[in-house]
Amino acid sequence: MPAARYQPGPRRFPERLPAVEYETGVAVRKVSGDGTVPFKGQPYRIGKALKQPYVALRATTQDGQYAVYYCTRQIGKLTLRGAKNM
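Treat the numbers as computed from the prediction; the structure is a model and nothing was measured.

Conventions we followed
- Residues numbered from 1 in each chain as written.
- Predicted model: local features only at pLDDT ≥ 70, side-chain atom pairs only at ≥ 80, totals over all residues.
- Heavy atoms only, no water.
- Core = buried A, V, L, I, M, F, W, Y, C linked by side-chain atoms within 4.5 Å.
- Buried < 20%, exposed > 50% of the residue type's maximum accessible area, 1.4 Å probe, protein only.
- Contact = heavy atoms within 4.5 Å.
- Pairing = 2+ DSSP bridges.
- Helix = DSSP H or I, 4+ residues; strand = E, 2+ residues; numbered from the N terminus.
- Axes fitted to C-alpha atoms, helices over the stretch in contact; angles between N-to-C directions.
- Phe/Tyr/Trp six-rings, centres within 6.5 Å; stacked < 30°, edge-to-face > 60°.
- Lys NZ or Arg CZ within 6 Å of the ring centre and 35° of its normal.

A.B. asks: What is the right way to read the nonpolar core from this model?
C.D. replies: Soluble globular proteins tend to pack their nonpolar side chains together in the buried interior. Ranked by size, the top nonpolar core spans 12 residues in total: Ala27, Val31, Val37, Phe39, Tyr44, Leu50, Val55, Leu57, Tyr66, Val68, Leu78 and Leu80. Beyond its immediate chain neighbours, meaning those up to four positions away, Tyr44 contacts Gly35, Thr36, Val37, Phe39, Leu78, Thr79, Leu80 and Arg81. Among the nonpolar cores identified, the runner-up in size contains 5 residues, and Tyr22, Val26, Ala56 and Ala67 belong to it.

Here it is as structure tokens:
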């Protein structure tokens, strides 16, 4: 049985994870309890799964579009309301 062979690893999981740090030049916003982030005067829905942590918004090459990152992973895209999509 696999459970009988399991042995925990020597590393312990930390009690508290270190804060995520993003590079300078990106917009960092805290995801609210309802899963939105404020950006350029408007709330944008990110998702309740990410409520409370900070995400980074990086401009893309498309006008009015930003890539949304959590840590080093891109988790989505945000298109500003009223932006002209190419």
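A.B. asks: Can you walk me through the sheet that holds strand 5 (residues 65-70) in this structure?
C.D. replies: In a beta sheet, neighbouring strands are held together by backbone hydrogen bonds and run either parallel or antiparallel to one another. Reading across from one edge, 1-4-5-6 is the order of the 4 strands in this open sheet, with antiparallel pairing throughout. This sheet does not close on itself; its edge strands, each paired only once, are strand 1 (27-30) and strand 6 (73-79). Within the sheet, the average angular offset between the axes of one strand and its neighbour, ignoring direction, is 30°.

A.B. asks: I would appreciate a short explanation of the packing of aromatic side chains in the present structure.
C.D. replies: The relative placement of two aromatic rings is captured by the distance of their centres and the angle of their planes. A full pass over the atoms with the stated rule returns 1 aromatic pair. Between Phe39 and Tyr66, the aromatic rings sit 4.8 Å apart at their centres with planes inclined by 80°, giving edge-to-face as the arrangement. Here Phe39, found in strand 2 (residues 36-39), pairs with Tyr66, found in strand 5; they are 27 residues apart in sequence, far enough to count as distant. Look at Phe39 and you get buried, because its relative accessible area is 4%. Directly above the aromatic system of Tyr69 lies the positively charged group of Arg58, at a separation of 3.8 Å from the ring centroid.

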